[in-house]
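The residues making up each chain are set out below.
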Amino acid sequence: MEERTRGSSDSYFNGQGNHASLVPPSFRAPSTLDAAFSSSFRPFALALVVVFLGFAILHALVQPLAIARILVPVAAGTSLLGFSGYLLLRRHLPPQHWIHPLGAGFASVVLLNCFLPLYLHAEPMQTTNLMIFLVGIGCLFLSTPWLAAIVVVTWIGWLWVMREAPPSPYWRHFGVGLFSSTVLSFTVHHVRIRLLTHLEQLHTRDDRREKELEEIRDDLEIRVQERTRELISANATLRAEIKDRQRAEQALRESEEKYRDLVENLNDVIYARDLEGRITYISPAIESLGGYSVTEIIGRSVTDFVYPEDVQNLLASAQRVLGGQSEPSEFRAITKSGALRWARSSSRPILQDNRVIGLQGVITDITERKQAEMQTKALLAVAEDISGTFDFQ
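Residues numbered from 1 in each chain as written. Predicted model: local features only at pLDDT ≥ 70, side-chain atom pairs only at ≥ 80, totals over all residues. Heavy atoms only, no water.

Caption draft 1: The arrangement of the nonpolar core in detail. Formed by 27 residues in total, the largest nonpolar core has its most connected members in L130, F133, I137 and F141. Broken down by secondary-structure element, the contributors of at least two residues to this core are α4 (30-62), α6 (99-121), α7 (127-140), α8 (144-164) and α9 (170-265). Counting residues per element, this core draws most heavily on α6, at eight residues. Leaving out residues up to four positions away in the same chain, I137 has contacts with A107, L147, I150, V151 and S185. I282, I286, F305 and V306 belong to the second-largest nonpolar core, a separate cluster that totals 18 residues. (Core = buried A, V, L, I, M, F, W, Y, C linked by side-chain atoms within 4.5 Å. Buried < 20%, exposed > 50% of the residue type's maximum accessible area, 1.4 Å probe, protein only. Helix = DSSP H or I, 4+ residues; strand = E, 2+ residues; numbered from the N terminus. Contact = heavy atoms within 4.5 Å.)

Caption draft 2: The arrangement of the pattern of salt bridges in detail. Applying the stated criterion to the full structure yields 14 salt bridges. For R332, the salt bridge is made with E309, and the minimal N-O distance between the two is 3.5 Å. Highlighted residues: R332 in strand β3 (residues 329-334) and E309 in helix α12 (residues 308-322), separated in sequence by 23 residues. On the accessibility criterion, E309 (55% relative accessible area) is exposed. E330 is paired through a salt bridge with K370; the nearest N and O atoms lie 3.0 Å apart. Note that E330 is positioned in strand β3 and K370 in helix α13 (residues 367-392), a separation of 40 residues in sequence. Judged by relative accessible area, E330 falls into the partly exposed class, the value being 35%. Overall, K370 belongs to the buried group, its relative accessible area being 15%. Residues joined in a network through salt bridges with shared partners are E330, R369, K370 and E373. (Salt bridge = Lys/Arg side-chain N within 4 Å of Asp/Glu carboxyl O.)

Caption draft 3: View of a nonpolar patch on the surface. On the surface, V51, L53, F55, I57, L58, L61 and V62 cluster together to form a nonpolar patch covering roughly 670 Å² of accessible area. Along the chain, the position of I57 falls in helix α4. Residue classification places I57 among the partly exposed residues on the basis of a relative accessible area of 48%. (Patch = residues over 30% accessible without salt bridge, like charges linked within 9 Å, V, L, I, M, F, W, Y side chains within 5 Å. Areas by Shrake-Rupley, 256 points an atom, 1.4 Å probe, with all protein chains shown as cover.)

Caption draft 4: Inspection of α7 at higher detail. A rise of 1.5 Å per residue sets the reference length of α7, with its 14 residues, at 20 Å; its end C-alpha atoms lie 20 Å apart and thus fit the reference within 8%. Along α7, the residues classified as buried are T127, L130, F133, L134, I137, G138 and L140. Down the axis of α7, the smallest arc covering the buried residues is 165 degrees, so these residues share one side. (Expected span 1.5 Å × (residues − 1). Arc of directions from axis to C-beta.)

Structural data, given as structure tokens:
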């Protein structure tokens, strides 16, 4: 569409194409041309007041008395008519379809003022007024039929006066001048319409672009509003998720704290080790069991704290637990002071992504129980010895 508009503009400036193709339908409408003519009609009426008031004064000063008695009232009347038209147009503009007929009426009065000196003097040089008149209406009128009608009337009147006037070689000379003025009048009229056409095209294109920009702006506003609603909804969802996550993290922290308190306050030792036997976690209860601090044990092998004679049994039990069996194991642990204490371990595999990565369990100090068992066994052995002695006697 923009290319077609640009092409029309280029044709206008190059003088190519016919006139009708350059004029958009809305501009070719008579009402549109009437509106353009109406905008210049009031200044035209005011010009009539000034010009013909001056003509009335000049006629009174320079014309013979007999001719002045005719020309002065006509010029003064034309000036008064122009003033009345000016006042009327200031108060109320007539309908647009009346503008060109009204302008033709004013032009007829002006034409009368031009014909009277020509007729009364019967001199070819008075044709100059008609020449100026034709150029003037060509600059003013935007209706080709009305302009053509006034030009025809002008030529008919001039030919009639020339026929009635005494013969003179100058009539032909001024006839050529009148013809040149006619051509110039139509040329100015044609160029003015083409210029207004081009201006109308530019105005129409600007209106169309402004409308397109308004549509784009409205579309952008709708999209911004939709995007804003989406962002508000997403923001609300995100806030809800953040609150849920915060509540979950708070619950997890509380659970971890409870679990930590439970583990740290247990008398039993909680531990975890990897597949190589390195201790990855040990609860603080280890200090009361073996005298070691947590940092002294983390990263070291389990066998470093087991009595050598119990190592093989403990490792074999660990392999069975890794294989899926569930069995406790008892062993002697070496304390930091070098003393031995009996311990009982209950373990289970640690799974990550369905893969065993180590063991975790509970170590219980059973030294007192073992000592009690050994004392019981010793007492039973003494009792059996005593019982055997009595039986022998």
